[in-house]
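The primary structure of each chain is shown beneath.
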Amino acid sequence: MSAKDAPPPLPEPLLVEVADSHTHMDLQSGTVEEALVKAAAVGVTTVVQVGCDVKGSQWAAETAAAHENVHAAVALHPNEAPRIVLGDPDGWSRQGARQGGGDAALDDALTEIDRLAALPYVRGVGETGLDFFRTGPEGIAAQERSFRAHIEIAKRHGKALVIHDREAHADVLRVLDEEGAPERTVFHCYSGDAEMAEICAAKGYYMSFAGNVTFKNAQPLRDALAIAPLELVLVETDAPFLTPAPFRGRPNAPYLIPVTVRAMAEVRGIGENELAEAIAVNTARAFDY
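Model, not experiment: these values are computed from the prediction. (Residues numbered from 1 in each chain as written. Predicted model: local features only at pLDDT ≥ 70, side-chain atom pairs only at ≥ 80, totals over all residues. Heavy atoms only, no water.)

Visitor: Sorry, what's going on with helix 9 (residues 257-268) here?
Guide: Residues that lie three or four places apart on an α-helix share one face, since the helix turns once every 3.6 residues. In a regular helix each residue adds 1.5 Å, so 12 residues correspond to 16 Å; helix 9 covers 16 Å between its end C-alpha atoms and thus fits that length. Buried residues along helix 9 sit in contact with strand 1 (18-23), strand 2 (44-50), strand 9 (206-209), helix 8 (219-227), strand 10 (233-235) and helix 10 (272-287). (Helix = DSSP H or I, 4+ residues; strand = E, 2+ residues; numbered from the N terminus. Expected span 1.5 Å × (residues − 1). Contact = heavy atoms within 4.5 Å.)

Visitor: How should the side chain of Asn79 be read in this particular structure?
Guide: Looking at the element boundaries, Asn79 is found in the loop between strand 3 (70-74) and helix 3 (80-86). A relative accessible area of 6% means that Asn79 is categorised as buried. Looking at Asn79, its side chain comes within polar contact range of the side chain of Thr135, at 3.0 Å. Beyond its immediate sequence surroundings of up to four residues, Asn79 is in contact with Asp131, Arg134, Thr135 and Gln143. (Buried < 20%, exposed > 50% of the residue type's maximum accessible area, 1.4 Å probe, protein only. Polar contact = N/O pair within 3.5 Å; in protein donor to acceptor, adjacent residues only side chain to side chain.)

Visitor: How do you make sense of the packing of aromatic side chains when you look at a structure like this?
Guide: The description of an aromatic ring pair rests on the distance of the ring centres and on the angle between the ring planes. Evaluation of the coordinates by the stated rule reveals 2 aromatic pairs. Arg166 extends its terminal NZ or CZ atom over the ring of Phe133, reaching a point 3.5 Å from the ring centre. (Phe/Tyr/Trp six-rings, centres within 6.5 Å; stacked < 30°, edge-to-face > 60°. Lys NZ or Arg CZ within 6 Å of the ring centre and 35° of its normal.)

Visitor: Could you clarify how one ought to interpret the sheet that holds strand 3 in this entry?
Guide: Either a parallel or an antiparallel arrangement is found when strands of a sheet pair, and the pairing is made through backbone hydrogen bonds. One open sheet holds the 8 strands; their spatial order is 1-2-3-6-7-8-9-10, and the pairing between them is parallel. This sheet does not close on itself; its edge strands, each paired only once, are strand 1 and strand 10. Neighbour-to-neighbour, the strand axes of the sheet open up by a mean angle of 30°, direction not taken into account. The pairing of strand 1 with strand 2 spans 4 bridges and is parallel. Across the sheet, the residue bridging to Asp20 is Val47, located in strand 2. Packed onto the sheet, helix 2 (residues 54-66) meets strand 2, strand 3 and strand 6 (122-131) and runs at close to 160° relative to strand 3. Contacts from helix 10 reach strand 1, strand 2, strand 6, strand 7 (160-166), strand 8 (185-187), strand 9 and strand 10, with the element oriented near 95° to strand 10. (Pairing = 2+ DSSP bridges. Axes fitted to C-alpha atoms, helices over the stretch in contact; angles between N-to-C directions.)

Here it is in structure tokens:
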């Protein structure tokens, strides 16, 4: 294993326990048990495991059922919806190459997400939203239809809505306004600027910051974090992606949350314990556990 692929070392433990509000343990190496033990050793005692497709959402629900400190969120990722409808000839997602199944196939997948969303250890519906980075114009209709359906599912089951918003800020906010956002809405891996943070704050949307808040070119994210109301701020890994500096490019995991929390506390100009206390309370409120 090269140094670049080696897991980063364990950071100094946080003195106040926090939650990783968004992780993908099914995409990380090692077992769930190993991930949870490592995380707990540094003060990360709760994780929200997030599904991106039917299989991943089923796995998230099963994993949450088996571990009391794991909560699940279930959804079809915005990029998954067009693949279900139009097909995925390159097999870019984990299922390999697929034929398009049209709207009926999307309805079937949404029916299963709806079933999972009713389960008690499923605390969120997501990640859903819009992603104009990877999906071409032909896939936008499927994305938006799927997003609207997820909003309805979240509201009907009283679950948090977990938003994936990539290069689609105005449209995500528009659809939330048109449908009426659920009581608890979380912008995962918040990617907007300070101006958008003001809009989210006014609407009571949670903003979850990931390791990319530590990246050199991420000043707009730090500006957003600086003005976001403390009671709406969450932290996440989005592991195995978005590993915080100075470990960027190496595999991410829930145990690296303290690195991001410390960077966030510096941006806010507050102590890490004060920030960790706020994050712990906010995450439990956002996901109702």
